[in-house]
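Report on the structure
The residues making up each chain are set out below.
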Amino acid sequence: MIQKISAGLLILLVSATSLVAQQPQKPTASEIYHELQNLNFIGSALYIAAHPDDENTRLISYLANDIHARTAYLSLTRGDGGQNLVGPEIRELLGVIRTQELLAARRTDGGSQLFTRANDFGYSKHPDETLAIWEKDEVLSDVVRAIRQFKPDIIINRFDHRTPGQTHGHHTSSAMLGFDAFDLVGNAAKFPTSAATFGAWQPTRLFMNTSWWFYGSRENFEKADKTNLIEVETGNYYPALGLSNGEIASLSRSMHKSQGFGSTGSRGNETEYLEFLKGVFPQEKTNPFSGINTTWSRLVGGKAIGAILTQLEQNFDFKNPSTMVGSLMQAYQLISNLEDTHWRAIKLSQIEQLIIDCSGLYIEAVADTQSINTKGRYNVTFEAVNRGSVPFNLQSIRANDGSVILVMNEPLTQNKKFNYPSEMVSKATATSAPYWLQEEGSLGMYKVKEELIGLPETPVQEQVVFNLQYRRMTLPITRNVIYKYNDPVDGEVYQPLELVPEVSTSIADKVLIFASSDARQIAVKVRAGRDSINGFVQLGKPEGWMVSPAQQSFMLTRKGEEQTVVFMVTPPENQSEGYLEPLAVVGDRFYTKELVTIDYDHIPYQSVLLPSKAKVARLNIKKKGELIGYINGAGDAIPESLRQIGYTVTTIEPTDISVVNLKKYDAVVMGIRAYNTVEELAFKQDELNKYVEQGGTLLLQYNTSHRMKTQDIAPFSLKLSRDRVTDEFSQVDFLAPKHSVLNTPNKISQEDFKGWVQERGLYFPNEWDDAFTPILGMHDKDYPQTEGSLLVASFGKGHYIYTGLSFFRELPAGVPGAYRLFANLLSIE
């Protein structure tokens, strides 16, 4: 089960399950005190790196919870190019998961999250390649925009800008961009669009979050000149939260579940080092904000606010925080009049929530449905309960455009529940699906609207404003309209209210392989996004392919209902590739999207819209054998891909691995990272070796060299490395051109290595026994040849194959040559 944090922790430390992420905040008195401390600090810090999970959660938690700075992590990418340990999603869908994991991490450690438009296109060995693919000026403009919008006093780079080629090109690029942006953000003539929107801004100083790792060893670090380093203690204990900083950091780190980054909490002293790079050197070498005015006095009109809030902090009433409401409302009025619009908006949001929390007010807006259409009607229940004794009136409830929904003007009597049902009409003009996937971008950059650049997720469009009155003062409280239901196991479950199209289509198999010119029935599923909808579906096809009939009608009665229509698709005689693209027509409206849902315990429920299509390929492919056993690893779509070319694929449970159970299979395939994730494999290698020895074929896909369950993965010595070839267009040399895996039943040629996606492969072995035959050689530009991407050994009567080639990407992408080569590996004799 996914770990959940108890409700008694800090409001910013609630776990990021779908059940918790949407529900109203219910802080304890000590957590409210922590909120007040955050309100009383006027300063910001921005942490910059390349991917989800690159961030140092110890430092982010320290900045947010110890210093109380407004802290954000700018991740240049959403991690689309990574692997997935929790499910089969890769590329765009993995990016959605990792985006939500970052948001869950920030809810845990107290930070906030920003992005650029950069796409994680996969591992890159040099920043020159990275910045060429990312379109350097474009991603630099996004970094400058983020800094101008967030207005940090300090910036911290995670990586070193001075070491190109020594680590992941994305990592070094993030540091180079942060380093360059520091000098550009204060000049309104540079990237003038963001300057006009947010104004120019000059941070006080730039750091790099260094450690002994950057020096090669602890010994080297101890000897290094630390004149430019400041040390911060990040192991402090927070009594108000009941947690040490290291414990919060590990909870945050553990939100990166798709990457297998579960972390054990630490207690006791911990030191982080920041290397000063630019700006004004801090006056004290133990405080990154030293010399920066972080009190209310930095703002015109702020001293009076600071005087009120400091008094409240010093005399905080832990037994009854509601005694502060009168003073907080006074401070609220003063904040409303601040000239500084940036801090005014930030602090109004913070103090509004603080007033609600101190008062014990419970306010929410709950829809009777989980999804609606743009301009659609739906029912909402507004709940307001004044659980404390502070006298509030509920004047009205308005839509976020200011239009009136309900007018009450009645007192919220202590502990009396008020429910107000109403009908609402959505005024949204777009769906709530991830905005960065709505238009097709380039290999390196997503294409998004200017006003959305940098946002972590699509802005909520269905919101309402509860207008409360305290004495003669008005307090507007904005709430997202949400959906909730009761689950027999989990109880009250919250989900976002989502805007979806009124109809969507999908083809179940995203790759359809035609091994002959015979026609096949292709099913298209039509899903209703509202009640009572009908129309017809057409199926777009590549040139030379035939589809019949020309269209199929559908009629759906209830929202969520699905209907399957079938087309007969005939491929051409010769090899051909393309896409089948369903088009749903309802009146004069056209729909071309597939609705994909992502539902994991540790992130909110996600509805993603992707182009509805399936790749089709007419291949001249041959195979031997019929029955394949598959042992799942970290998750991939290889079994579905093998079924496309006629194999019968059966999943083998790790506990069932025995030579008796395996002997019926023509070949057994290990899923990606199986030896990193499947505990039982530490004890099953002898059985696998016996299966091979008695005539079986065992094909292992890539594993990482780190955190393996066993080093014993083959009948002969085999050592994994970090060798990889990231250029999917790199030359492939045939080291054993006469070997059967390159010749039967399919003759493999250079044509078979065209059209590969993202990379050639990863984590190749670099040392192996003479029993292995290396089949392929390849390398990235300016790097030495690797020969471990595909190794084949005879053992007894059978064959053992190890490959780091990225079949887990290539087969789901419908790469013809990858299918032909994989068929040869399974057909080896």
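Predicted, not measured: the structure shown is a model, and the values here were computed from it. (Residues numbered from 1 in each chain as written. Predicted model: local features only at pLDDT ≥ 70, side-chain atom pairs only at ≥ 80, totals over all residues. Heavy atoms only, no water.)

**Here we look at helix 17 (residues 685-693)**
Taken together, the buried positions of helix 17 are Gln685, Leu688, Asn689, Tyr691 and Val692. The buried residues of helix 17 occupy one face: seen down the axis, they fall within an arc of 155 degrees. At the exit of helix 17 stands Gly695, carrying a positive phi of roughly 120 degrees. (Buried < 20%, exposed > 50% of the residue type's maximum accessible area, 1.4 Å probe, protein only. Helix = DSSP H or I, 4+ residues; strand = E, 2+ residues; numbered from the N terminus. Arc of directions from axis to C-beta.)

**A look at unusual backbone geometry**
That bond from Ser548 to Pro549 is cis: its omega, -5 degrees, falls within 30 degrees of zero. Of note, Pro549 is situated in the loop between strand 24 (546-548) and strand 25 (552-556). Phi at Phe191 is positive, roughly 50 degrees, even though this residue is not glycine. For Phe191, the position within the fold is in the loop between helix 7 (169-184) and helix 8 (192-198). On the accessibility criterion, Phe191 (25% relative accessible area) is partly exposed.

**Observations concerning the pattern of salt bridges**
Under the counting rule described, the total for this entry stands at 34 salt bridges. Note that Asp183 is salt-bridged to Lys278, the shortest N-O span being 2.3 Å. Within this pair, whereas Asp183 is found in helix 7, its partner Lys278 is found in strand 9 (residues 271-279), the two being separated by 95 residues in sequence. Judged by relative accessible area, Asp183 falls into the partly exposed class, the value being 48%. Lys278 gets classed as buried once you look at its relative accessible area, which sits at 14%. Notably, a salt bridge pairs Glu562 with Lys525, separated by 3.7 Å at the nearest N-O pair. With a gap of 37 residues between them, Glu562 in strand 26 (residues 562-570) and Lys525 in strand 22 (residues 520-528) connect regions that are remote in the sequence. (Salt bridge = Lys/Arg side-chain N within 4 Å of Asp/Glu carboxyl O.)

**Description of the confidence of the model for the protein**
Low pLDDT means the predicted coordinates in that region are not meant to be read closely. On average, residues of the protein score 93 in pLDDT, and 97% of them are at 70 or above. Confidence drops under pLDDT 50 across residues 1-20; counting only partners more than four residues distant or on other chains, this segment forms 66 contacts. (pLDDT = per-residue confidence, 0-100. Contact = heavy atoms within 4.5 Å.)

**Quick look at the sheet that holds strand 1 (residues 44-49)**
In spatial order, the strands read 3-2-1-4-5-9-6; together these seven strands make up an open sheet with mixed pairing. Taken across any chain shown, the strands that pair with only one partner, and hence form the sheet edges, are strand 3 (112-115) and strand 6 (229-233). Mean inter-strand twist for the sheet, computed between neighbouring axes without regard to direction, equals 30 degrees. Pairing analysis gives four bridges linking strand 1 to strand 4 (residues 154-157), with the strands arranged parallel. Bridging across to strand 4, Ile48 finds its partner in Asn157. Against the sheet, helix 4 (residues 91-109) engages strand 2 (70-75) and strand 3, with an angle of about 150 degrees to strand 3. (Pairing = 2+ DSSP bridges. Axes fitted to C-alpha atoms, helices over the stretch in contact; angles between N-to-C directions.)

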